[in-house]
Amino acid sequence: MIYKRSSALFKEAQQVIPGGVNSPVRAFKSVGGEPVFVKRAKGAYITDVDGNTLIDFIASWGPLILGHAYEPVIDAVCAKAQDGTSFGMPTEIETEIARLAISMVPGIEKIRFVNSGTEACMSAIRLARGYTGREKIIKFAGCYHGHSDSFLIAAGSGAVTLGVPNSPGVTTGTARDTLLAAYNNLNAVEELISQHPNEIACIILEPAAGNMGCIPPAEGFLEGLRSLCDKNGIVLIFDEVMTGFRLAAGGAQELFNVKADIVTFGKVIGGGLPVGAFAANNEIMNHLAPDGPVYQAGTLSGNPLAMAAGLAMLEELNDNPDVYESLKEKTAYLHQGLESVLSNSEIPYTINRLGSMISLHFTSEAVVDFESSAKGNNDTFKKFFHGMLKEGIYLPPSAFESWFLNDALNYEDLDKCVEACRKVVSTL
Ligand SMILES: *Cc1c(COP(=O)(O)O)cnc(C)c1O
């Protein structure tokens, strides 16, 4: 495949946009090479600016669970745009999507819409702090909750450590309030809680991790967190930006039958437009402005085009719950195919899968947290990624990201992916 036009556009973009991209992972830094510029996409296929067609296994990092340019979503947005794009005044569709989201997700009574997953998580911890009157939060190494200061904290080498900022610009003061534990490690959390009695406002986590590969919660992990939170007056926040409306209509809460106190959303809930949201029961949500003192706002929050896209998407998922079974079967089929190729090779590997999320790690050790995920051989991943790209398979350009299947993928596409894998693995 030729990437002449992409390469030229990337050079131009770098003149005026830092790194040529508006979100770092797009720049291919961790796999090397240059990013592909998209012209258009439909269903499971991306057409790039050089005319290449790629089978897409990212779906815009999750939102497009039914495929690109999904007609009911596109129609809803186009129709809505005719009436104006933003008012800074309430509109009826905000209540409609709120009502539908609340009916689909367990345990929530009110929902506030924002513009991104970052905003949703940032607001959720402010709400938890305002609600509890406490300042510290617990997060897990390798979980991603957007780019707000409190979350850009890396773990030290130990499982339990005080946070240090991992981006310049995050103050040590902020980092001090973020405590870290290893994913799937209840003891680490218990220890943090006993070291900081009555100081911890909330525990925030991806109930199934998707930002260090796909890492499902260990048996009893979510239940254990739930009971630790109950015992210690801590708010449990499920960051379902990735898993919400993807693992099930009710997200990870439904799949694992564990309830969080606050849930955050993004990605699928916007149907491909910029939407985030956070939700809880009335008692917690009533602390939010204008009903309560915890401030949160947004000029474009609840934007009618974004709400139209989100509503159309949620309606489709609500009306066709079979889609989750279909996605799960497709992902299991892909898993089997990849497994059959890799198990006949000498390459150490681990495949993790949950619902429509799957990740391939070049390590033979079980991948259960950030530390084990980081053991994957990144040189092998780079070669694998570029080999697959050459075969027309678009995977996330980082070993730390899950693949996201969309329901427009058919079994022929999955066979092509497995065949490409067979070809590439023979060259590794
Ligand atoms: C993508 C993501 C975010 C951030 O959402 P943005 O819309 O990129 O700001 C937060 N949490 C999780 C789990 C995510 O996957």
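The shown structure was predicted, so the numbers you read here are calculated from the model rather than taken from an experiment. (Residues numbered from 1 in each chain as written. Predicted model: local features only at pLDDT ≥ 70, side-chain atom pairs only at ≥ 80, totals over all residues. Heavy atoms only, no water.)

Caption draft 1: Representation of helix H3 (residues 92–104) within the structure. Between the first and last C-alpha of H3 there are 19 Å, a value that for 13 residues agrees with the 18 Å anticipated at 1.5 Å per step. The set of residues buried in H3 consists of Ile93, Ile97, Ala98, Leu100, Ala101 and Met104. Burial along H3 is one-sided: seen end-on, the buried residues are contained in an arc of 165°. In H3, those exposed residues whose orientation departs by more than 90 degrees from the buried face are Glu92, Arg99 and Ser103. Buried residues in H3 make contact with helix H2 (71–81), strand S4 (110–114), helix H8 (251–256) and helix H10 (304–319). (Helix = DSSP H or I, 4+ residues; strand = E, 2+ residues; numbered from the N terminus. Expected span 1.5 Å × (residues − 1). Buried < 20%, exposed > 50% of the residue type's maximum accessible area, 1.4 Å probe, protein only. Arc of directions from axis to C-beta. Contact = heavy atoms within 4.5 Å.)

Caption draft 2: Region of interest: the site of the ligand. Inspection of the region around the ligand gives Ser116, Gly117, Thr118, Tyr144, His145, Gly146, Glu206, Asn211, Asp239, Val241, Met242 and Lys267 as its neighbouring residues. The separation between an oxygen atom of the ligand and a polar side-chain atom of Thr118 is 2.5 Å. One of the side-chain nitrogen or oxygen atoms of Asp239 is found 2.6 Å away from a nitrogen atom of the ligand. Across the shell around the ligand, the residue classes tally to three nonpolar, six polar and three charged. (Near = heavy atom within 4 Å. Polar contact = N/O pair within 3.5 Å; in protein donor to acceptor, adjacent residues only side chain to side chain. Nonpolar A, V, L, I, M, F, W, Y, C, P; charged D, E, K, R; others polar.)

Caption draft 3: Here's a closer look at helix H1 (residues 4–16). Every buried residue of H1 is accounted for by Ser6, Ser7, Leu9, Phe10 and Ala13. What you see down the axis of H1 is that its buried residues fit within an arc of 165°, all on one side. Counted as exposed and oriented over 90 degrees from the buried face of H1: Lys4, Glu12, Gln15 and Val16.

Caption draft 4: Examining the domain arrangement of the protein chain more closely. Its domain assignment divides the protein chain into domain 1 (4–57 + 321–425) and domain 2 (71–319). Using C-alpha coordinates to define each centre, domain 1 is positioned 26 Å away from domain 2. Tallying the contact residues gives 24 residues for domain 1 and 28 residues for domain 2. Considering only the surface of domain 1 that becomes buried against domain 2, Tyr324, Leu354 and Met357 emerge as the three largest contributors, covering 34% of it. At the junction of domain 1 with domain 2, the criterion picks out one salt bridge. Linking Glu71 and Lys42 is a salt bridge whose minimum nitrogen-to-oxygen distance equals 3.5 Å. The interface formed by domain 1 and domain 2 includes ten residue pairs in polar contact (both at pLDDT 80 or more). Of all the elements in the fold, those that place two or more residues in the side of domain 1 that touches domain 2 are helix H11 (322–342), strand S14 (350–354), strand S15 (357–361) and helix H12 (370–373). (Domains from an automatic or database assignment. Buried area = accessible area lost by both parts, 1.4 Å probe. Salt bridge = Lys/Arg side-chain N within 4 Å of Asp/Glu carboxyl O.)

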